[in-house]
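Spelled out from the first residue to the last, the chains are:
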Amino acid sequence: MPRRWVTALACLAALVALACEGGTSASPRPTNDTPKPGGPGGIAALGDSISTGFASCLVLTSCERNSWSTGDGLRVRSLYRRLLDQDSAIRDRTYNHARPGARADALEGQAKAAVRDRADYVAVLIGTNDVCRGGIDAMTPVAQFRADVDRGLRVLRTGRPKARVLVVSIPDLYRLWEVGHGDPRAVRAWRRGVCPALLADATSTAPADRARRAAVRERIDAYNAQLVAACRAYGSRCRHDGGAVHKVRFTLDLLNPLDWFHPNAGGQGRLAEVTWRASGLAD
């Protein structure tokens, strides 16, 4: 092949690569690399599928570039991107240890990973799966939930005592039922087993179903109260969002159109906005 053709093809490949990196669908960069020596430790996310950006890329899988906390894509102005505006030294120092399906008992292991990362900022959003893993009898007892959260936070306080920790309230899942149970698309999706404790038989008005939904709502309130108490017990390096995420009035246009449960990119952006204001990091 003539050399000028080789050169032309190489230039074309470079332009395609640049276009992909600059677009909204840029491939996510690995988030669990060994921390670079020196400089700030960056930001780590602990929690469940919400923090992995699950279903925000129109497929039912994690899409970390759209994560409200550590995302580096252009569609969501995440906590990481906002911190980067303040301190360019944290570039490429994001670590997402959240996992779909994780419950509060996973926090301890995730926190150990954040300590290994030497993270200076840690965002914690956990509790949805403690509610949604099955029926109401399968919900994590409140005392156990608190003990699981305390173990995770204890690892951070011991291993990264100067890190700033943001504990985020659990979203108002009952609100999702309120806005979605009249939409046939959402009801069909929820029948596939999405948060059955709350969303099973979503259109039923039977007393037992109404009582079940009320029990879920009360359990989320109880978990949120324990998150406040756990952060207070942690000390001055922990900040609770003051219920900011729980107060978000989610609408269907902030949810993905596959499971009508996880936030889409717009919903992730909304989470980033309210948590940033509540975090005190902009002060």
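See the structure above.
Just so it is clear, the structure is predicted and the values come from calculations on it, not from any experiment. (Residues numbered from 1 in each chain as written. Predicted model: local features only at pLDDT ≥ 70, side-chain atom pairs only at ≥ 80, totals over all residues. Heavy atoms only, no water.)

**Observations regarding the overall build of the protein**
Reasoning step 1: Broken down by element type, the protein carries 10 helices and 5 strands.
Reasoning step 2: Burial status across the protein gives 50% buried among its 283 residues.
Reasoning step 3: Carbon and sulfur atoms make up 53% of the accessible area of the protein, which amounts to about 13100 Å² in all. (Helix = DSSP H or I, 4+ residues; strand = E, 2+ residues; numbered from the N terminus. Buried < 20%, exposed > 50% of the residue type's maximum accessible area, 1.4 Å probe, protein only. Areas by Shrake-Rupley, 256 points an atom, 1.4 Å probe, with all protein chains shown as cover.)

**Details of the environment of Cys-63**
Reasoning step 1: Mapping Cys-63 onto the fold places it in the loop between strand E1 (43–47) and helix H2 (79–86).
Reasoning step 2: Look at Cys-63 and you get buried, because its relative accessible area is 6%.
Reasoning step 3: Cys-63 sits 14 residues away from Ser-49 along the chain, and the two C-alpha atoms are 9.4 Å apart.
Reasoning step 4: Not counting residues within four places of it along the chain, the set of residues in contact with Cys-63 comprises Thr-52, Gly-53, Phe-54, Ser-56 and Cys-57. (Contact = heavy atoms within 4.5 Å.)

**As for a positive patch on the surface**
Reasoning step 1: On the surface, Lys-162, Arg-164, Arg-237 and Arg-239 cluster together to form a positively charged patch.
Reasoning step 2: Judged by relative accessible area, Arg-239 falls into the partly exposed class, the value being 39%. (Patch = residues over 30% accessible without salt bridge, like charges linked within 9 Å, V, L, I, M, F, W, Y side chains within 5 Å. Salt bridge = Lys/Arg side-chain N within 4 Å of Asp/Glu carboxyl O. Lys, Arg positive; Asp, Glu negative; His and termini not counted. Charge placed at Lys NZ, Arg CZ, Asp CG, Glu CD.)

**Side note on the packing of aromatic side chains**
Reasoning step 1: Evaluated as defined, the whole model comprises 2 aromatic pairs.
Reasoning step 2: A centroid spacing of 5.4 Å and a plane angle of 45° characterise the contact between Tyr-174 and Trp-177, whose relative ring orientation is tilted. Linking Tyr-174 with Trp-177, this pair stays in helix H6 (residues 173–180), spanning 3 residues, or about one helical turn. Residue Tyr-174 shares its accessibility class with Trp-177, and that shared class is buried.
Reasoning step 3: Lying across the ring of Tyr-234, Arg-157 places its NZ or CZ 5.5 Å from the centre. (Phe/Tyr/Trp six-rings, centres within 6.5 Å; stacked < 30°, edge-to-face > 60°. Lys NZ or Arg CZ within 6 Å of the ring centre and 35° of its normal.)

**Details of the pattern of salt bridges**
Reasoning step 1: Summed over all chains, the structure comprises 8 salt bridges.
Reasoning step 2: Two residues, Arg-77 and Asp-85, come together in a salt bridge whose shortest N-O distance is 2.7 Å.
Reasoning step 3: Assessed through its relative accessible area of 40%, Arg-77 is described here as partly exposed.
Reasoning step 4: Overall, Asp-85 belongs to the exposed group, its relative accessible area being 54%.
Reasoning step 5: The partner of Arg-151 in a salt bridge is Asp-148, and the shortest N-O contact between them spans 2.2 Å. Remark: Asp-148 and Arg-151 occur in helix H5 (residues 142–159); sequence separation between them is 3 residues, near one turn of the helix.
Reasoning step 6: What makes Arg-151 partly exposed here is its relative accessible area of 33%.
Reasoning step 7: For Asp-148, a relative accessible area of 3% translates into the label buried.
Reasoning step 8: Taken together, the shared-partner salt bridges connect Arg-270, Glu-273 and Arg-277 into one network.

**Some thoughts on the packing of helix H3 (residues 107–117) against H5**
Reasoning step 1: Between H3 and H5, the least distance of the axes is 8 Å, while the angle of their chain directions is 15°. The orientation of H3 with respect to H5, classified from their angle, is roughly parallel. Crossing hand, H3 versus H5: right-handed. Contacts from Leu-107, Glu-108, Ala-111, Lys-112, Ala-114 and Val-115 in H3 reach Asp-148, Val-149, Arg-151, Gly-152, Val-155, Leu-156 and Gly-159 in H5.
Reasoning step 2: Looking at the contact of H3 with H5 residue by residue, the class counts come to 7 nonpolar, 2 polar and 4 charged. (Axes fitted to C-alpha atoms, helices over the stretch in contact; angles between N-to-C directions. Parallel < 35°, antiparallel > 145°, perpendicular 65-115°, else oblique. Left-handed = near helix turned anticlockwise from the far one by under 90°. Nonpolar A, V, L, I, M, F, W, Y, C, P; charged D, E, K, R; others polar.)

**A closer look at H3**
Reasoning step 1: Listed as buried for H3 are Leu-107, Gln-110, Ala-111, Ala-113, Ala-114 and Asp-117. Taken around the axis of H3, the buried residues stretch over an arc of 155°, which confines them to a single face.
Reasoning step 2: On its buried side, H3 packs onto E1, strand E2 (94–96), strand E3 (121–125) and H5.
Reasoning step 3: Just beyond H3, the residue with positive phi is Arg-118, at close to 60°. (Arc of directions from axis to C-beta.)

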